[in-house]
Amino acid sequence: MSATVEFAKMNGLGNKILVVDMRGRADKVTPAAAIALNAHPDTAFDQIMAIHDPRAQGTDAWIDILNSDGSKAQACGNGTRCVVQALAAETGKKVFTFQTVAGILNAVEHDDGTISVDMGKPVFDWDKIPLAEEFHDTSRIELQIGPIDSPVLHSPSTMSMGNPHAVFWVDRDVMSFDLARFGPLLENHPMFPERANITLAQITSPTSITTRTWERGAGLTLACGSAACATAVSAARTGRTGRRVEIHVASAKPPGILSIEWRDGDDHVIMTGPAEWEWSGTLDPSSGSWARDQAQEAEAQ
């Protein structure tokens, strides 16, 4: 078995993704390799999407997802779009079915290059999100940051999109909050025994929301697909919008849009947006050592 595998540096609205081809192998990308890759500015990432041989009949691949701190992630919508684009370019296929620890994901690449991912059904039960305390209504829980009589953030909507999310509703520019300061406190709050993704959301119209996210295991991120889905669902659930919205990701470079539909018929959440290939190379999934493709290096010079 070769010591190295092929990978692509990609992004989904700036969400930094490494798509690693682990097909035909029994090993995995190790947490140590993930940490080493994230430590280099050229390969720093939010999630690794490691493509493994399928485990279930009727699926195209098993996807193992790692955060930049080496921890496991259950879901990554932006990363899934990157996987679809990479496999579509390789195979010519347009429709894919993936298996992750969070369940089955169906995805399709459209003629315009955008990619839709069926993120499945949201979960609202307090013990399945999970939360540390019982809440009958998880669309608004008791949690705040700041002074008791004038909290900076409070009463988030909580849910799971395969991973835990807390959405704080704000009435001013999401970029005006010190999320780098509040993010770690909220991600690791005792209310969230498995930690949580923290999103600030501002309703800008009945069909549009602006967001910014602190991602569990990755920190401040330019974009987070599952957080966009959680925000859209939470907005509809609390009567702030309808079931189809555009999420304007304020921190994306340049700012970008994800279209989210919380489907009426089956309650599945459909996310549509772009993916972008940057460059390719090889890496050692055990150590994290890596190199760019020589042909690309020659072109760059």
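Reading guide: rules and limits
- Residues numbered from 1 in each chain as written.
- Predicted model: local features only at pLDDT ≥ 70, side-chain atom pairs only at ≥ 80, totals over all residues.
- Heavy atoms only, no water.
- Core = buried A, V, L, I, M, F, W, Y, C linked by side-chain atoms within 4.5 Å.
- Buried < 20%, exposed > 50% of the residue type's maximum accessible area, 1.4 Å probe, protein only.
- Helix = DSSP H or I, 4+ residues; strand = E, 2+ residues; numbered from the N terminus.
- Contact = heavy atoms within 4.5 Å.
- UniProt positions renumbered as here; feature names shortened; annotations may be inferred.
- Salt bridge = Lys/Arg side-chain N within 4 Å of Asp/Glu carboxyl O.

**Q** Is there a simple way to think about the nonpolar core in this case?
**A** Burial of nonpolar side chains together is a common tendency in soluble globular proteins. Ranked by size, the top nonpolar core spans 47 residues in total, and within it I63, V83, F98, I247, L258, I260 and V269 carry the most contacts. Tallying contributions element by element places helix α4 (residues 225–237) first for this core, with 7 residues. Once you skip the residues sitting within four places of it in the chain, I63 turns out to touch M49, A50, I51, V83, F98, Q99 and T100. Judged by nonpolar contacts, the second largest core, of 21 residues, contains I129, L153, I198 and L200.

**Q** Which parts of the structure should I look at to understand the UniProt feature "active site" (unreviewed entry) in the chain?
**A** Sites flagged by UniProt as "active site" (unreviewed entry) map to C76 and C224. A maximum C-alpha distance of 7.4 Å is found for the annotated residues, which run over 149 residues; spatially they form one tight group. On the secondary structure map, C76 appears in the loop between β5 (72–73) and α2 (77–91). On the basis of relative accessibility, which here comes to 4%, the residue C76 falls in the buried class. For C224, the position within the fold is in the loop between β15 (219–221) and α4. Excluding its chain neighbours within four sequence positions, the residues that come into contact with C224 are N15, N78, N197, T213 and E215.

**Q** I'm lost on the environment of W279 in this one. Help?
**A** Structurally, W279 can be placed in strand β19 (residues 276–283). When its relative accessible area of 7% is taken as the criterion, W279 is described as buried. Taking the C-alpha atoms as reference points, W279 and D293, 14 residues apart in sequence, are found 8.2 Å from one another.

**Q** Would you mind showing me how to read the pattern of salt bridges here?
**A** Two side chains bearing opposite charge may form a pair once their charged atoms approach each other closely. By the definition in use, this model includes 15 salt bridges. With a shortest N-O distance of 2.7 Å, D64 and K72 are connected by a salt bridge. Classification of D64 by relative accessible area gives buried; the value is 6%. Measuring nitrogen to oxygen at the nearest pair gives 3.7 Å for the salt bridge that ties D118 to R263. Of the two residues, D118 sits in strand β8 (residues 115–118) while R263 sits in the loop between β17 (256–262) and β18 (269–273), which places them 145 residues apart along the sequence. Via salt bridges that share partners, D21, R23 and E90 belong to a single interconnected network.

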